[in-house]
Amino acid sequence: MIKSVPIAVFASGGGSNFQALLDFENGSSYHIALLITDREQAGAIEKARKAGKCLHVLEPKNKSDQKMTAEILSVLEACEVKVVVLAGYLKKIPSDLVARYPRRIVNIHPALLPSYGGKGMYGRNVHEAVIQAGEKISGPTVHYVDENYDTGEVIAQTVVPVIDGDDPDSLADRVLQAEHQLYPTIVHQLCSSL
Ligand code: GRF
């Protein structure tokens with residue numbers, strides 16, 4: 001029998017990557033022990049409920065890094081989480097949390113890092129910048145998370161074409177489809193190696 005590593009997914013938005021991770025879970029080397037979100041309106045919440053997953057909405061009052069880290073760590077420890085998977089989570093991960101999960105926190109970014117990453121490079125902004133620069137290719141990057149935005153070691157990328165006439169939405173859709181293929185596979189590989 002394949003061992004199954006408990007992971008936590010962090011999501012702030014629509015949750016399509018969370019859904020892709022759910023869809024791949026059966027028979028993989030991971031299982032989603034819980035969803036953590038910082039937004040009560042996050043689309044991922046409904047998906048977690050439907051799948052019968054544990055859910056934790058972060059306390060908005062815990063604004064300091066220290067309090068936030070303590071809250072997150074207590075939930076992760078209670079669920080015996082071994083790997084943290086960021087899927088459209090917009091808050092910065094506190095450095096103490098990074099230190100507690102060395103090379104055990106991963107993120108997916110909708111461009112080919114190290115280009116088009118860093119503060120402010122999220123959502124539509126990323127695809128707008130790629131198109132404006134006249135790039136011919138883009139695509140998702142899965143990387144380890146360190147203390148800064150989008151600077152951790154790259155684990156995997158998929159190249160996606162930028163097509164003449166693309167606008168940020170059409171490019172975002174194409175990249176997102178590639179994310180759904182790439183992310184669960186990489187999380188599975190990472191968990192298989194533990
Ligand atoms: C994705 O584009 C991902 O690359 C980025 O945030 C977006 C999340 O989308 N980090 P979704 O909430 O998974 O649909």
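Residues numbered from 1 in each chain as written. Predicted model: local features only at pLDDT ≥ 70, side-chain atom pairs only at ≥ 80, totals over all residues. Heavy atoms only, no water.

> Can you walk me through the state of the cysteines in this structure?
What makes a disulfide is a covalent bond joining the sulfur atoms belonging to two cysteines. Taken as a whole and assessed by the stated rule, the structure comprises zero disulfides. Free cysteine Cys 54: the closest other cysteine sulfur is in Cys 79, separated by 5.3 Å. Accessibility expressed as a relative area gives 25% for Cys 79, which makes it partly exposed. (Disulfide = S-S within 2.5 Å. Buried < 20%, exposed > 50% of the residue type's maximum accessible area, 1.4 Å probe, protein only.)

> So what exactly am I meant to see when it comes to the environment of Leu 190 here?
Within the secondary structure, Leu 190 sits in helix H6 (residues 168–192). On the basis of relative accessible area, Leu 190 is assigned to the buried category, the value being 11%. Sequence separation between Leu 190 and Ser 29 is 161 residues, and the spatial gap between their C-alpha atoms is 8.6 Å. When residues no more than four places from it in sequence are discounted, the contact partners of Leu 190 are Val 83, Arg 103, Val 106 and Tyr 144. (Helix = DSSP H or I, 4+ residues; strand = E, 2+ residues; numbered from the N terminus. Contact = heavy atoms within 4.5 Å.)

> Whenever I open this one, the pattern of salt bridges confuses me. Can you help?
Proximity of charged atoms lets side chains of opposite charge pair with each other. A full pass over the atoms with the stated rule returns eight salt bridges. In this structure, the salt-bridge partner of Arg 100 is Glu 77, at a minimum N-O distance of 2.4 Å. Taken together, the residues Arg 100 in helix H4 (residues 95–100) and Glu 77 in helix H3 (residues 65–78) connect sequence positions 23 residues apart. Since its relative accessible area comes to 47%, Arg 100 is described here as partly exposed. Among the charged side chains, a network of salt bridges with common partners joins Arg 124, Glu 128 and Asp 169. (Salt bridge = Lys/Arg side-chain N within 4 Å of Asp/Glu carboxyl O.)

> Would you mind going over the site of the ligand with me for this structure?
Taken together, the neighbourhood of the ligand is formed by Gly 13, Gly 14, Gly 15, Ser 16, Asn 17, Gly 88, Ile 108, His 109, Pro 110, Leu 176 and Glu 179. Here an oxygen atom of the ligand and a side-chain polar atom of Ser 16 are 2.5 Å apart. Against a free-state accessible area of 360 Å², the protein chains account for coverage of 79% of the ligand. Elements that contribute at least two residues to the shell around the ligand include exactly helix H1 (16–25), strand E5 (105–109) and H6. Of the residues that constitute the shell around the ligand, the class distribution is three nonpolar, seven polar and one charged. (Near = heavy atom within 4 Å. Polar contact = N/O pair within 3.5 Å; in protein donor to acceptor, adjacent residues only side chain to side chain. Areas by Shrake-Rupley, 256 points an atom, 1.4 Å probe, with all protein chains shown as cover. Nonpolar A, V, L, I, M, F, W, Y, C, P; charged D, E, K, R; others polar.)

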